[in-house]
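Architecture at a glance
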Amino acid sequence: MEVIRINGGYPLKGEVRIGGSKNDALAVIPASLLIQGVSVLHNVPHISDVEKLLEILRSMGASANFRSDGALEIDATHISTTETPHDLVRQMRASFNLLGVLLARFGDASVAMPGGCNIGTRPVNFHIKGLESLGAELRFEHGIYNGKAARLKGANLYLEFPSAGATQHLMCAACYAEGETVIENCAQEPEIVNLAHYLNACGGSISGMGTPTITIHGVSSLHPAEFNIIPDRLQVGTYAVAAAITGGNVKIINAYPDHCRPVLSKLQEIGVDVKTSEDGINISRKGRLRATDIKTMPHPGFPTDMQQPFVALLSVAEGTSMVTETVYESRFRYTTELQRMGADIKVEGPTAVISGVPQLTGAPVSCTDLRGGAAIVVAGLAAHGETRVSELDHIDRGYENFVTNLQLLGADIIRTPLETPGRVPLA
Ligand code: UD1
């Protein structure tokens, strides 16, 4: 088992380059299974969720390999089975999109009920209702969805909540549905827009992406395309918070400011200096942070995935902040870890009340989920003394080169086997 050890208190300085978006890659890769021929994807992040998804594709007969120039080639011409490897699928929510993709292309699919981060019940009812409206026949037995469909038929779909996953899933399935599909109250995240651009680059006919209503005209075939995964706006937010909490000065390269508006605006509100330029975003802070209130909302509201790093940040702000989670029902488990580090946080239902303290102190802590893990690492960068972070699998799901990037920004941080005695000097 490995741990991250951080000796906090060093202001981060320098430049960090942001890699491809996890959530975009996890939407585009399953969509590539709609296509015969070789798809070429650039800027795919090297994270464990992507590795697992590629393993799923390979086990079904697709080939998926990184080229020497870093591009990912996926050839899904020959799929040997429409039964997905249930043990792997269960481990990640994004793999559930394979149900609609396989039904749309082959009329047959078997996919396990998905897992993912432990942040609430995370049902799939919108996905199922949408696929059934498109004409799929689904049976749920022993934790597995088995589906059959003749050609799917376009339909008018309405999502009770603008679910990112359901929007992506139904958009993919509807590409091969006969006629027109309209998805109302759909998600508007940049990753939804980019998935639509990908499908259109492959010959799909999708409009309205980035608005609450998406229209898809079904086509009979899609062709391969070469395509770019967008930069990860959630990593941008995490490094911005890391720069802010340490009182540093960091330029975040390859960031799209338009994708990060809600986060950048909150940072400015609490006393962080934010400057955007053509090639990135500069984040710096000199004075003490000020408290604020945050409510997570579907895009373009404040992203739920940034709630956790922001609670870490607000735990050292002057005054009392209230952070309300409206997207997931239990996304505050990590606050017990911040409390170990001296944060004063009370969780009451969907709201965390944070009374800022002048200084956090290092402690042994564990990652409870992906973004909760990022939050405690960020807190450790500013804490007095050593923070030892365990359960790193969560962080590996979504952060590429996290420790190395922080080292290059001047943090005293290292990843080591748990039993390594003493501190290891930085390279
Ligand atoms: C995606 C992102 C995740 C982000 C989330 C919200 C990926 C791989 N993950 O997750 O990082 O936190 O969007 O921005 O892209 N819901 C239902 N029924 C459904 C589907 C969703 O009730 O059938 C609920 C969920 O329980 C949750 C809310 O809708 O409360 C939003 O979930 P959703 O947008 O679907 O999240 P994911 O796509 O799983």
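The preceding data block contains the structure.
First, a word on scope: everything that follows refers to the structure included in this document. What you see is a predicted model; the values in this text were computed from it and never measured.

**Thoughts on the packing of aromatic side chains**
For the structure shown, the criterion picks out six aromatic pairs. Following the ring pairs from residue to residue traces out a cluster consisting of F96, F140 and Y145.

**Looking at the sheet that holds strand β23 (residues 412-417)**
Backbone hydrogen bonds are what pair the strands of a sheet, in a parallel or an antiparallel way. Sheet architecture is open: four strands sit in the order β21-β22-β1-β23, paired in mixed fashion. Strands at the two margins of the open sheet, each flanked by one partner only, are β21 (364-366) and β23. Looking at each pair of strands side by side, their axes are set apart by 25° on average, direction ignored. Across six bridges, the pairing between strand β1 (residues 2-7) and β23 is antiparallel. If you follow N7 over to β23, its bridge partner there is D412.

**Comments concerning the site of the ligand**
Neighbouring residues of the ligand: 18 residues in total, closest N125, S163, G165, D305 and V327. Here an oxygen atom of the ligand and a side-chain polar atom of R93 are 2.9 Å apart. The separation between an oxygen atom of the ligand and a polar side-chain atom of S163 is 2.6 Å. Its free accessible area being 740 Å², the ligand has 87% of it covered by the protein chains. Those elements giving two or more residues to the shell around the ligand turn out to be α5 (125-133) and α6 (164-174).

**Observations concerning the environment of D273**
Tracing the backbone shows D273 in strand β15 (residues 273-277). Separated by ten residues in sequence, D273 and I283 place their C-alpha atoms 5.8 Å apart. A distance of 2.7 Å separates polar atoms of two side chains, one belonging to D273 and the other to K275.

Conventions we followed
- Position numbers for residues count from 1 along each chain, tracking the sequence in the order it is written.
- Thresholds applied to this predicted model are a pLDDT of at least 70 for local features of residues and 80 or more for the giving and counting of side-chain atom pairs; totals over whole chains, interfaces and linings are not thresholded and use all residues.
- The basis for the side-chain values is all heavy atoms of the structure; hydrogens and waters are excluded.
- Under the pairing criterion, centres of Phe, Tyr and Trp rings, with the six-membered ring standing for Trp, must be within 6.5 Å; the plane angle then separates stacked pairs below 30 degrees from edge-to-face pairs above 60, leaving the rest tilted.
- Strand pairing is assigned whenever DSSP identifies at least 2 bridges connecting the two strands.
- Strands here mean DSSP runs of E at least two residues long; helices mean DSSP runs of H or I at least four residues long; both are numbered from the N terminus.
- Each axis is a line fitted through C-alpha atoms, taken for helices only over the stretch in contact, and angles between the N-to-C directions span 0 to 180 degrees.
- Being near a molecule or strand, for a residue, comes down to having at least one heavy atom within 4 Å of it.
- Any pair of nitrogen or oxygen atoms within 3.5 Å is treated as a polar contact; in protein, a donor-acceptor pairing is required on top of that, and neighbouring residues in sequence qualify only through side-chain atoms on both sides.
- The protein chains shown are the only cover counted for residues, whose accessible areas, like all others here, come from Shrake-Rupley with a 1.4 Å probe.

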